[in-house]
Each structure stands twice: as C-alpha cells, then as structure tokens.
Amino acid sequence: MQYYSIQKISTWERFYRANFINCLSGFKSATLIGTAGKNKQPNLAIFSNLVHIGADTALIGFINRPREAAPHTLANIEFSGVYTMNHIQPEFIQAAHQTSAKYPVNESEFDLDGVSIEWKANCMAPFVGESRIQYSMELVEIIPIKYNGSFFIIGKVTDVFIDENILDKDGFLHIDKAGSICTLGIDGYYSTNLLARFAYAKPGNPIEKIN
Ligand SMILES: Cc1cc2nc3c(=O)[nH]c(=O)nc-3n(C[C@H](O)[C@H](O)[C@H](O)COP(=O)(O)O)c2cc1C
C-alpha cells in the first residue's frame, strides 16, 4: 500500500489535496436544502455532510462551511428557522451540482433547468418539485465549530413526503428504489443498490438476512 503522511499531503496543490481529503470519509447522502429569506427570496443548495442524530425526537444535522464560503442557506435558516431537505435523483443531478455555484442572493437556484420550486401549505421554505423524497425541518440549534469556522446545524423533522412504494412493512425506506443518489468528494455522483438487510444484531444470535 502507498503511504501518505499528513505532512506530505499538506504540501500538495490546494484542489488536489481537497479532492483527496474529501473522498476519505466516504460516500454521503446528498440533499438539496431549500430555504427562503426576506420577501420569500428562495435559495437552494446542495449539501452532503448530513448526519442522523436521533429518531425520537427525529433530529438530523448537517455541516455548513464558514459563512464567507456558504452564506445563504445559513442566513435563511437563522432568519426563518425552517428549511426543506430534498433527495436528489439522476434526472436533476446536473442542476443539483450547479446549485453549489456562488449565485448572488437575489438569484434563485430554483430557476436552473431540472429543478422547480414547490411551496406547500404551512411551510415557509420551498421544496424541490421533482424530488421523490422531501421533508421539512425546524431549526433546533446551530453549533459553531471554532476550529475551522464551520457550523453544525441541527433540526427536527416536521413533515415527510415520499412515494408510498418505497416504504417497507417494517418502516425501512428503500431510497434506492426512489433513485436517490449519493456523492463522493465534491463532484462524484453515484447510484446505489441494496446488498443486504440483516436482523437486529444480538451477541450469540446467528446472523440472519431479512427480505
Ligand atoms: C456534492 C457537493 C456537496 C456539498 N456539500 C456541502 C456541505 O455538506 N456543506 C457545505 O457547507 N457546503 C457543501 N457544498 C457546497 C455548497 O453547495 C455551496 O457552498 C453552496 O454555494 C452553498 O450555497 P448557499 O450560500 O446558497 O447556502 C457541497 C457542494 C457539492 C457540489
């Protein structure tokens, strides 16, 4: 195996190094976060550093880069306290990727070809109309990460919209059947296939496949 020390890695060209490091933590779910600011100005941006925090209360968190680098989603969530999460499917990966560009605040990424804006009742944030898995979130806490100036944004799930046929009898969501993609690094997009599901693991029990 080839060995790279962090001393060596830190001498590499900035973008080469970023690609290398960004791939290390592996495949990520990717989501389009929809928000609205003053005068209902919509904003849409792709985020892949998402994490499940708890099921009861249903909490999900994501990492927002430093404010100078990624200001709009963060500001809108601070402003309204609500946001939407929209899974990405192959039909609109190009638009999804393009939302990472630094558009001015008064230009909506929802105007990109492939994604359309959908307002639902009782939600101040817009959804991606094409997304086959959408849910809305209410802000719980924003934790600044002092070490590098980024933020950990924690919210609770409020409303969920899915195709009924991806919901299994035990509550498992077959998001691969919805076509939701995952990402690697900052520009690699992948489709997924289920390899196996296993019964709840207990010491001493035989390993049992389900489905
Ligand atoms: C595949 C992919 C994943 C990304 N994941 C994140 C992320 O988890 N956190 C983040 O702050 N930015 C992430 N970005 C960058 C943001 O999409 C980008 O900074 C965007 O302009 C933020 O927009 P905003 O200022 O409208 O919020 C990602 C970009 C790509 C292409």
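Scroll up to find the structure this text is about.
Bear in mind the structure is a predicted one, so any value in this text is a computation, not a measurement.

S.K.: Got a minute to help me understand the overall build of the protein chain in this structure?
M.R.: Scanning the protein chain from terminus to terminus reveals 4 helices and 14 strands. The C-alpha atoms of the protein chain give 19 Å as radius of gyration, which agrees with the globular expectation for 211 residues (17 Å, within 12%). Along the longest, intermediate and shortest principal axes, the C-alpha atoms of the protein chain span 60 × 50 × 35 Å. The buried share of the protein chain, reckoned over its 211 residues, is 24%.

S.K.: Got a minute to help me understand helix α3 (residues 72–80) in this structure?
M.R.: Within α3, burial applies to H72, T73, L74, N76 and I77. Buried residues in α3 make contact with β2 (31–36), β3 (42–47), β5 (58–64), β6 (82–87), β9 (133–145) and β10 (150–162).

S.K.: What should I look at first to understand unusual backbone geometry in this one?
M.R.: With the exception of glycine, the majority of residues adopt a negative phi angle, and the majority of peptide bonds are in the trans configuration. Of note, the bond from D56 into T57 is cis; its omega dihedral lies within 30 degrees of zero at 0°. Along the chain, T57 falls in the loop between β4 (50–55) and β5. A positive phi angle, close to 55°, is found at N39, a residue other than glycine. For N39, the position within the fold is in the loop between β2 and β3. At K40, a position not held by glycine, the phi torsion is positive, near 55°. Of note, K40 is situated in the loop between β2 and β3.

S.K.: Looking at this structure, how should I read the site of the ligand?
M.R.: Around the ligand, 22 residues are found, and the nearest of them are A45, N49, H72, T73 and S100. Of all elements in the fold, only β3, β5 and α3 reach the threshold of two or more residues within the shell around the ligand. Residue classes in the shell around the ligand are distributed as 10 nonpolar, 9 polar and 3 charged.

S.K.: Please explain the environment of G34 as it appears in this structure.
M.R.: With respect to the helices and strands, the residue G34 is situated in strand β2. Remark: the alpha-carbon pair of G34 and G81, spanning 47 residues in sequence, is separated by 12 Å.

S.K.: How should I be thinking about the sheet that holds strand β1 (residues 28–29) in this particular structure?
M.R.: Within a sheet, each strand pairs with its neighbour through backbone hydrogen bonds, oriented either parallel or antiparallel. The sheet built from 3 strands is open, its strands ordered β1-β11-β12 with antiparallel pairing. A strand with exactly one partner marks an edge of an open sheet, and here the two such strands are β1 and β12 (188–190). Relative to β12, strand β11 (residues 182–184) runs antiparallel, the two being bridged by 3 bridges. Paired with L184 across the two strands is G188, which belongs to β12.

S.K.: Please explain the pairing of β6 as it appears in this structure.
M.R.: Side-chain direction in a regular strand flips from residue to residue, so the side chains alternate between the two faces of the sheet. Of all 6 residues that make up β6, 6 are buried, and the element is covered over most of its length. Across the two faces of β6 the burial is the same, with V82, T84 and N86 and Y83, M85 and H87 all buried. In terms of strand pairing, β2 meets β6 through 4 bridges, oriented antiparallel. When the sheet's bridge partners are listed, G34 is paired in β6 with T84. Where β6 and β9 come together, 5 bridges link them in antiparallel fashion. When the bridges of β9 are listed, M85 appears paired with Y135.

S.K.: Looking at this structure, how should I read the sheet that holds β5?
M.R.: Spatially, 7 strands are ordered β3-β2-β6-β9-β10-β5-β4 in an open sheet, and the strand pairing comes out antiparallel. One side of each edge strand has no neighbouring strand; the edge strands of this open sheet are β3 and β4. When strand polarity is set aside, the average angle formed by the axes of neighbouring strands in this sheet is 30°. Of the strands in this sheet, β2, β3, β5, β6, β9 and β10 are in contact with α3, which crosses β2 at around 50°.

How each quantity is defined
Residues numbered from 1 in each chain as written. Predicted model: local features only at pLDDT ≥ 70, side-chain atom pairs only at ≥ 80, totals over all residues. Helix = DSSP H or I, 4+ residues; strand = E, 2+ residues; numbered from the N terminus. Rg over C-alpha atoms; globule rule 2.2 N^0.38 Å. Buried ≥ 20, exposed ≤ 12 C-beta atoms within 10 Å, placed from the backbone. Contact = placed C-beta atoms within 7 Å. Near = placed C-beta within 6 Å. Nonpolar A, V, L, I, M, F, W, Y, C, P; charged D, E, K, R; others polar. Pairing = 2+ DSSP bridges. Axes fitted to C-alpha atoms, helices over the stretch in contact; angles between N-to-C directions.

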